[in-house]
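Listed here are the chains, written in short residue letters.
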Amino acid sequence: MSKQRAEILKIVLDSNRHLSAEEIFMQCKKRGIDISIATVYRNLGILVHRGTLRKLSILGEPDRFDKTVTRHEHIFCDCCNEVQDIYVNDLKELLENKVGITLNSYDLCMRYTCPECRKQEETA
């Protein structure tokens, strides 16, 4: 693995958030890594293709990258745009039974207002 790819992966693995390529690029710059945004995108694509990272495509938002590649879902805060992992047991099977088909995969976009944003809305 190239040094740049290893640094990109380390940034994602060390984060407790789902970072965008731009955020990863900025973290590289803060760490003194000489890298272009195109190199960040290219290496993220390779890491996703290899199954090391998971890419989250969010309508109207930049793609985010997830270090957890095992099956789980995400919820998106409409106010602060933060992404949270959630685990719903047997969701694939539930959807298959409800719809009556076998799913190869699925993308489910669940939106909400996170507790911090809700608190700010209530005090405003």
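Higher on the page you've got the structure.
What you see is a predicted model, and the numbers here were worked out from it, not measured in a lab.

> Whenever I open this one, the side chain of His-18 confuses me. Can you help?
Looking at the element boundaries, His-18 is found in the loop between helix 1 (3-14) and strand 1 (19-20). Side-chain polar atoms of His-18 contact the side chain of Asp-66, separated by 3.4 Å. A polar contact of 3.2 Å, which involves the side chain of His-18, links it to the backbone oxygen of Val-83.

> I tried to follow the pattern of salt bridges on my own but got confused; where do I start?
Side chains that carry opposite charge are capable of pairing whenever their charged atoms lie near each other. One pass over the full model with this rule turns up six salt bridges. Between Lys-10 and Asp-14 there is a salt bridge whose closest N-O contact spans 2.7 Å. In this pair, Lys-10 and Asp-14 are both assigned in helix 1, four residues apart and thus about one turn of the helix distant. Residue class for Lys-10 comes out partly exposed when judged on its relative accessible area of 41%. Lys-55 is the salt-bridge partner of Asp-63, the closest N and O atoms lying 3.5 Å from each other. We classify Lys-55 as partly exposed; its relative accessible area is 42%.

Calculation criteria
- Residues numbered from 1 in each chain as written.
- Predicted model: local features only at pLDDT ≥ 70, side-chain atom pairs only at ≥ 80, totals over all residues.
- Heavy atoms only, no water.
- Helix = DSSP H or I, 4+ residues; strand = E, 2+ residues; numbered from the N terminus.
- Polar contact = N/O pair within 3.5 Å; in protein donor to acceptor, adjacent residues only side chain to side chain.
- Salt bridge = Lys/Arg side-chain N within 4 Å of Asp/Glu carboxyl O.
- Buried < 20%, exposed > 50% of the residue type's maximum accessible area, 1.4 Å probe, protein only.

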